[in-house]
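# Overview (structure and organization)
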Amino acid sequence: MLFSGTKLSDLSRMSVLLIIAGFAAVASAAFLFLEIAEDVIEKEKFAIDQAATNFVNTISSEQLSVIVGWITDIGSVPLITIFSIMLAVYLLFFSSFSAWVTVYFGVNMIGISLLTKGLKLLFERQRPDILAQYDGTGFSFPSGHTTGAVTFYGFVIYLVVISSLDKKWKWPINMALMIVILLVALSRVYLGVHFLTDIIAGLLLGLSWLAICIGALELTIWRQRRRQRKSVS
């Protein structure tokens, strides 16, 4: 884990500052999400949405649309669900990670699904276009492809970070996963099934929920090991 074997007295000033910065980042993301959500409720129009649409119109092509269609499938509900089941099975039966990792991975994925669906029903924002072939049905805010990609691939990034992989492999793998997240998110705007603000909201919501789940996981493991040390002593 990130803080394996760490006592409170072991934390350096830099570690404490990073933890505080992490909390501040999550709080800022939540605040920005609420700001966007408030304007969505009031049916406000966003200049950034129109600018994104205009830009897409200038680069759109038939070949690019085919490629983007493949990219958006990487964040689709069926594929993320299959990947999640496969990862959960691996974590639980074939990895050396604590069972708590599997538990919080499940909370991470199920939780974001419920949150996204609930918020879509709450805001009832209509999509810029309805395209069933790209899962472009239902309400628009926030983007489900984006929240799903952030929480799934983001959790995989976390697993790579805490794994025993050589550092020379961790960076390229995690950079590739970050690019996948961004490409999936942006593909939704290119395909015209989401506004850019849906994507921004999805990124903010997904990152906040992912951080909460990972933070809760780290705290659970830390407390478990602390109890084990006390029982031994």
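Up top is the structure these notes are about.
All chains use their own residue numbering, which begins from 1 and follows the written sequence. Confidence filtering applies because this is a predicted model: local features only for residues at pLDDT of at least 70, side-chain atom pairs given and counted only at 80 or more, and all residues used for totals across whole chains, interfaces and linings. No hydrogens and no water enter the side-chain calculation; it runs on all heavy atoms of the structure.

### Considering the overall build of the protein chain
Heads up, the condition is: Counting from the N terminus, the helices are the DSSP runs of H or I reaching at least four residues and the strands are the DSSP runs of E reaching at least two. Think of it in three bands: residues with accessible area under 20% of the maximum for their type are buried, residues over 50% are exposed, and the middle band is partly exposed, with areas taken using a 1.4 Å probe on protein chains only. A contact between two residues is defined here by any heavy atoms of the two lying within 4.5 Å. Where accessible areas are quoted, they stem from the Shrake-Rupley method and a 1.4 Å probe; at the residue level, only the protein chains shown are allowed to cover.
Across its full length, the protein chain carries eight helices and zero strands. Tracing the protein chain from N to C terminus, the helices and strands come up as α-α-α-α-α-α-α-α. Evaluated residue by residue, the protein chain yields a buried proportion of 39% over its 233 residues. Sequence-distant contacts in the protein chain: of pairs separated by 6 or more residues, those separated by 24 or more amount to 77%. Surface summary for the protein chain: the accessible area is close to 13,600 Å², and the carbon and sulfur share equals 69%.

### Some points on a nonpolar patch on the surface
Put simply, the test is: Residues forming no salt bridge and having over 30% relative accessible area are the ones grouped into patches, like charges within 9 Å of each other and nonpolar side chains (Val, Leu, Ile, Met, Phe, Trp, Tyr) within 5 Å. Throughout this description, the term salt bridge denotes a Lys or Arg side-chain nitrogen within 4 Å of a carboxyl oxygen of Asp or Glu.
On the surface, Ile85, Val89, Tyr90, Leu92, Phe93 and Phe94 cluster together into a nonpolar patch covering about 660 Å² of accessible area. Take Phe94: it is sitting in helix 4 (residues 77-94). Exposure remark for Phe94: the relative accessible area of 64% places this residue in the exposed category.

### Notes on the packing of aromatic side chains
Inclusion rule: Paired rings are identified among Phe, Tyr and Trp, the last through its six-membered ring, by centres lying within 6.5 Å, and are further divided according to the angle between planes into stacked (under 30 degrees), edge-to-face (over 60) and tilted (the rest).
Taken as a whole and assessed by the stated rule, the structure comprises eight aromatic pairs. Relative to Phe141, the ring of Phe123 has its centre 5.0 Å away and its plane inclined at 85°; by these criteria the two rings are edge-to-face. You can see Phe123 sitting in helix 5 (residues 99-123) and its partner Phe141 sitting in the loop between helix 5 and helix 6 (144-162), a full 18 residues away along the chain. An identical accessibility class is assigned to Phe123 and Phe141; each is buried. Clustering of aromatic rings is evident, with ring pairs tying together Phe83, Phe105, Phe152, Tyr153, Phe155 and Tyr158.

### Observations regarding unusual backbone geometry
Omega for the bond connecting Phe141 with Pro142 falls within 30 degrees of zero, at -5°, which places this linkage in the cis form. Note on placement: Pro142 falls in the loop between helix 5 and helix 6. Despite not being glycine, Glu124 has its phi angle at roughly 50°, a positive value. Mapped onto the secondary structure, Glu124 falls in the loop between helix 5 and helix 6.

### Comments concerning the nonpolar core
Where a protein is soluble and globular, its nonpolar side chains tend to be buried together. Selection rule: Here, nonpolar core means buried Ala, Val, Leu, Ile, Met, Phe, Trp, Tyr and Cys residues that are tied together by side-chain atoms lying within 4.5 Å of each other.
Counting residues in each nonpolar core, the largest one holds 26 residues, and the members touching the most others are Phe152, Phe155 and Leu159. It is helix 6 that provides the largest number of residues to this core, a total of eleven residues. Core analysis: the next-biggest nonpolar cluster, separate from the first, contains 13 residues, Ala29, Phe33, Ile112 and Leu119 among them.

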